[in-house]
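Each chain, written out:
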Amino acid sequence: MYAETEPGAAAERTAFRRAEKQYKLYKPPSRKGRSKSSGGFGGGGGGGDLSAVVDFHALLAAGKGELPAGIRRCDRAGFHLPVFCFLDRPGFYFIPGALSTEEQCYWIRESLKTFPQPPNRTNLTATYGPISDLLIAAKNQKILVEVESSSGKPRDEQNNVGENAHPGKFKFVDDSEIQKEERPKSTMAAALVRKLRWSTLGLQFDWSKRNYDVSLPHSKIPDDLATLAKKMAVPAMPSGEEFTAEAAIVNYYGPSDMLGGHVDDMEADWTKPIVSISLGCKCIFLLGGKTRDEAPTPMFLRSGDIVLMAGEARERFHGVPRIFTEGDQQDISGLVSELSDDDDRFILDYIHNSRININIRQVY
């Protein structure tokens, strides 16, 4: 799934690594000197600005005028949304604004509430075991503690109303229930939400072996997510075939997180696309070549955008070197309005400086 990181000096010499570094280190100009545009149509040099970053939303807003060199519309009969492609990147499709604001908020909630639920695994599972109802615990300011006390005697395992006990070593409790000697071993549920980096749905991916482990307990992909992926995969699907969602990986990005250049090559049939859904803060996505020596094309990904990668595009290095958490560059004003209810307060606080990516796959 993720290619190995290049060693030291060699990594610095590749075109892909130089682009990663350029955009990771980018600093927005001060408000006084900031231009009205956050990016261009693409092409050109780059340097310390965002002028080389392709902005498909700007292209869409410009109407049916002439597109920049190397970019074309790839609209498909029966598919009602606009689709863009690169002439020299076959198999890559960009669908700007594919999801409404309401749909984006629904999938943000699902990504934080439902997708980390067991038997789905997360990056927290190895440390804490299965954690149920993490978002509910975070909203209620619960604290995760070890079930066994310092004396070695197990805690009272009986559930109270609203309390979530786990069969493993940890459970959520109220602050008032924690003994003084237990505090160093406790973790706020809200902090654990911030530590989420990935969760796996459907067939479970084994990160250590870089393959799917069918022996691991798993649930099928939620029906509504499978239906959405099937619908959005149409522009990249072979004629007469339908996409079947069998696995998904949800990536959670904090303010300084990045996803290094890699290829997605673990599925059996590359003619079936990866359906990648962006939620939350805007980011820069790099689409490179079949080696890191080829200079990547940078583009903005905003909340609600969907990217498809199939065929030859599956062999191309790609990554996310930067998400934008600065107030006027997040591009999440619609989400802020939609998540204004008290029940969404925690989610709104989270998404102000976070990004979520759901990528759905047909494994076999």
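Quick notes on the rules
- Residues numbered from 1 in each chain as written.
- Predicted model: local features only at pLDDT ≥ 70, side-chain atom pairs only at ≥ 80, totals over all residues.
- Heavy atoms only, no water.
- UniProt positions renumbered as here; feature names shortened; annotations may be inferred.
- Salt bridge = Lys/Arg side-chain N within 4 Å of Asp/Glu carboxyl O.
- Helix = DSSP H or I, 4+ residues; strand = E, 2+ residues; numbered from the N terminus.
- Buried < 20%, exposed > 50% of the residue type's maximum accessible area, 1.4 Å probe, protein only.
- Phe/Tyr/Trp six-rings, centres within 6.5 Å; stacked < 30°, edge-to-face > 60°.
- Core = buried A, V, L, I, M, F, W, Y, C linked by side-chain atoms within 4.5 Å.
- Domains from an automatic or database assignment.
- Polar contact = N/O pair within 3.5 Å; in protein donor to acceptor, adjacent residues only side chain to side chain.

- As recorded by an unreviewed UniProt entry, the protein chain carries the name Fe2OG dioxygenase domain-containing protein and is attributed to Aegilops tauschii subsp. strangulata.
- The annotation that UniProt attaches to the protein chain under Sequence similarities (unreviewed entry) is "Belongs to the alkB family."

## Structural notes on the pattern of salt bridges
Item 1. Enumeration according to the criterion identifies 24 salt bridges in this entry.
Item 2. Where Asp174 meets Lys142, a salt bridge forms, and the shortest distance between an N and an O atom there is 3.0 Å. Of this pair, Asp174 sits in the loop between β6 (170–173) and β7 (187–188) while Lys142 sits in the loop between α6 (134–139) and β5 (143–146), and the two are 32 residues apart along the sequence.
Item 3. For Lys142, a relative accessible area of 9% translates into the label buried.
Item 4. As a salt-bridge pair, Glu294 and Arg316 come within 3.8 Å of each other at their nearest N and O atoms. With Glu294 in the loop between β14 (283–287) and β15 (297–301) and Arg316 in the loop between β16 (306–309) and β17 (318–323), this residue pair connects regions lying 22 residues apart in the sequence.
Item 5. Its relative accessible area of 32% is what places Glu294 among the partly exposed residues.
Item 6. By relative accessible area, Arg316 is classed as buried at 5%.
Item 7. Several salt bridges converge on common partners, so that one network encompasses Asp88, Arg89, Lys290, Glu294, Glu312, Glu315 and Arg316.

## As for the packing of aromatic side chains
Item 1. Within the structure shown, the criterion is met by 11 aromatic pairs.
Item 2. Ring geometry for Phe92 versus Phe285: centroids 6.2 Å apart, planes at 15 degrees, classification stacked. Of the two residues, Phe92 sits in strand β3 (residues 92–95) while Phe285 sits in strand β14, which places them 193 residues apart along the sequence. In this pair, the class of Phe92 matches that of Phe285, namely buried.

## Notes on the nonpolar core
Item 1. Membership of the largest hydrophobic core comes to 59 residues, with the highest contact counts inside it found for Ile356, Ile358 and Ile360.
Item 2. With five residues, helix α10 (residues 345–351) is the single largest residue contributor to this core.
Item 3. The residue makeup of this core includes at least three contributed by each of domain 1 (50–119 + 197–361) and domain 2 (127–148 + 167–195).
Item 4. Among the nonpolar cores identified, the runner-up in size contains 20 residues, and Phe86, Leu259, Leu287 and Ala313 belong to it.

## Brief notes about the side chain of Thr14
Item 1. Mapped onto the secondary structure, Thr14 falls in the loop between α1 (8–13) and α2 (15–24).
Item 2. Among the polar contacts listed, one links the side chain of Thr14 to the backbone nitrogen of Arg17, at a separation of 3.2 Å.

## Some words on the UniProt feature "binding site: Fe cation" (unreviewed entry) in the protein chain
Item 1. Following the UniProt record, one finds the feature "binding site: Fe cation" (unreviewed entry) at His262, Asp264 and His318. The named residues occupy 57 residues along the chain; their greatest pairwise C-alpha distance, 8.9 Å, places them in one compact cluster.
Item 2. Taking the relative accessible area as the measure of exposure, Asp264 reaches 6% and is therefore buried.
Item 3. Looking at Asp264, its side chain comes within polar contact range of the side chain of His318, at 2.7 Å.
Item 4. Assessed through its relative accessible area of 6%, His318 is described here as buried.

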